[in-house]
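Breakdown of the fold
What follows is each chain in one-letter form.
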Amino acid sequence: MPTERLSVVVTRRLPEAVEARLAELFDTTLREDDTPMTRDELVKAIRGADVLVPTLSDTIDAGLIAQAGDKLKLIANYGAGVDHIDVATARQRGILVSNTPGVSADDTADMTMALILSVTRRIPEGLALMQSGEWHGWSPTALMGGRVAGRRLGILGLGRIGQAVARRAAAFGMQIHYHNRKRLRPEIEEALGATYWESLDQMVARMDVISVNCPHTPSTFHLMNARRLKLMKRDAVIVNTSRGEVIDENALTRMLRAGEIAGAGLDVYEDGANPRLRELKNVVLLPHMGSATVEGRIEMGEKVLVNIKTFDDGHRPPDQVVPSML
């Protein structure tokens, strides 16, 4: 007799190849459109599934987990960040949580460099000028930006993505500096040519470019708050491809409007992009595109598949998340 297949509910549309493989291996319920599930839909999913496959757009909090039936045994997150999941509550309920780490590091680092160059070289302004038909030829003083070579780059969080950013920035001639909760091993610092700053305040005050690459946790919420943003040099810029909550977006908006910070490049936001940011020429805004490559999104799906299949085979998912990791 064939064994009963795991019931898997996917909350968003995934790449076609990933959905096909999920449907082949498990009793899979796929999302028919690409809108986020409502709270009621999430409740229904969490009550009827053995495995839930959410994304960062789904809030899997204690209240939702409390409504899970006895069937739910695994939350296989499609994405590396799990700040939208109450991992501790899930663990208390005997529900495992997995994620997809390490897949999007290079893609996100590419986007980080794209934002650094876009802000410092005023690329969106040039695009807008061309699209408007207002460009009338080359001028010696038009749209002058700044050279990135020789600038100090301060990376906030030198993990997988931060290190990928460091390698790219070094190739552009930037000086690499970083702040972490814990200093990295000397051989890693040497390989990256990276200088460690124990004091985030001191690093921020001396950098030309700040790149936010740390995860969102309770300890990093508004890590770049109004006081710390004010430490930045007036001609410095900040880019964020991590999580919007790490920066106090309202404070950043005020300072950008006042000219207290030269510019910003943002791919992530606290609660959607602040409308006032769209008015500023010294700000580049992207719609959370950091990991948006075909290759990266399929690799994320492959990790989800491996985590679920390993669990189905009676083993611990290779990418299990526990509270101590956060």
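Scroll up to find the structure.
Scope of this entry: the structure provided in the associated data block. Remember, it's a predicted structure, so these values are computed and weren't measured experimentally.

1. Side note on a nonpolar patch on the surface
- Side chains of M130, W135 and W138 sit close together on the surface and give an oily, nonpolar patch of about 450 Å² of accessible area.
- Within the fold, W135 resides in the loop between helix 6 (123–132) and strand 6 (152–156).
- Looking at W135, the relative accessible area reads 45%, which means it is partly exposed.

2. Things to note about the packing of helix 5 (residues 105–120) against helix 7 (residues 160–171)
- Between helix 5 and helix 7, the least distance of the axes is 8 Å, while the angle of their chain directions is 50 degrees. Relative to helix 7, the element helix 5 is oriented oblique. Pair helix 5 / helix 7 crosses with right-handed handedness. Of the residues in helix 7, those touching helix 5 at A105, D106, T108, A109, D110, T112 and M113 are R160, I161, A164, V165, R167, R168 and A169.

3. Details of the pattern of salt bridges
- Taken as a whole and assessed by the stated rule, the structure comprises 19 salt bridges.
- Among the salt bridges present, the one from R13 reaches E19, with a minimum N-O distance of 2.9 Å.
- Between R227 and D201 there is a salt bridge; the shortest N-O distance is 2.9 Å. One end of the pair, R227, is in helix 10 (residues 226–229); the other, D201, is in helix 9 (residues 200–206), with 26 residues separating them in the sequence.
- Classification of R227 as partly exposed rests on a relative accessible area of 44%.
- The network of salt bridges with common partners includes R31, D33 and E41.

4. Regarding the packing of helix 1 (residues 16–25) against helix 12 (residues 294–312)
- Two numbers describe how helix 1 lies on helix 12: the axes approach to 9 Å, and their chain directions differ by 15 degrees. Accordingly, the angle class assigned to the pair helix 1 and helix 12 is roughly parallel. In this structure, the crossing between helix 1 and helix 12 has a hand that is right-handed. Contact residues: helix 1 offers V18, R21, L22 and L25, while helix 12 offers R297, I298, G301, L305 and I308.
- The class makeup of the residues in the contact of helix 1 with helix 12 is six nonpolar, one polar and two charged.

How each quantity is defined
- Residues numbered from 1 in each chain as written.
- Predicted model: local features only at pLDDT ≥ 70, side-chain atom pairs only at ≥ 80, totals over all residues.
- Heavy atoms only, no water.
- Patch = residues over 30% accessible without salt bridge, like charges linked within 9 Å, V, L, I, M, F, W, Y side chains within 5 Å.
- Areas by Shrake-Rupley, 256 points an atom, 1.4 Å probe, with all protein chains shown as cover.
- Salt bridge = Lys/Arg side-chain N within 4 Å of Asp/Glu carboxyl O.
- Helix = DSSP H or I, 4+ residues; strand = E, 2+ residues; numbered from the N terminus.
- Buried < 20%, exposed > 50% of the residue type's maximum accessible area, 1.4 Å probe, protein only.
- Axes fitted to C-alpha atoms, helices over the stretch in contact; angles between N-to-C directions.
- Parallel < 35°, antiparallel > 145°, perpendicular 65-115°, else oblique.
- Left-handed = near helix turned anticlockwise from the far one by under 90°.
- Contact = heavy atoms within 4.5 Å.
- Nonpolar A, V, L, I, M, F, W, Y, C, P; charged D, E, K, R; others polar.

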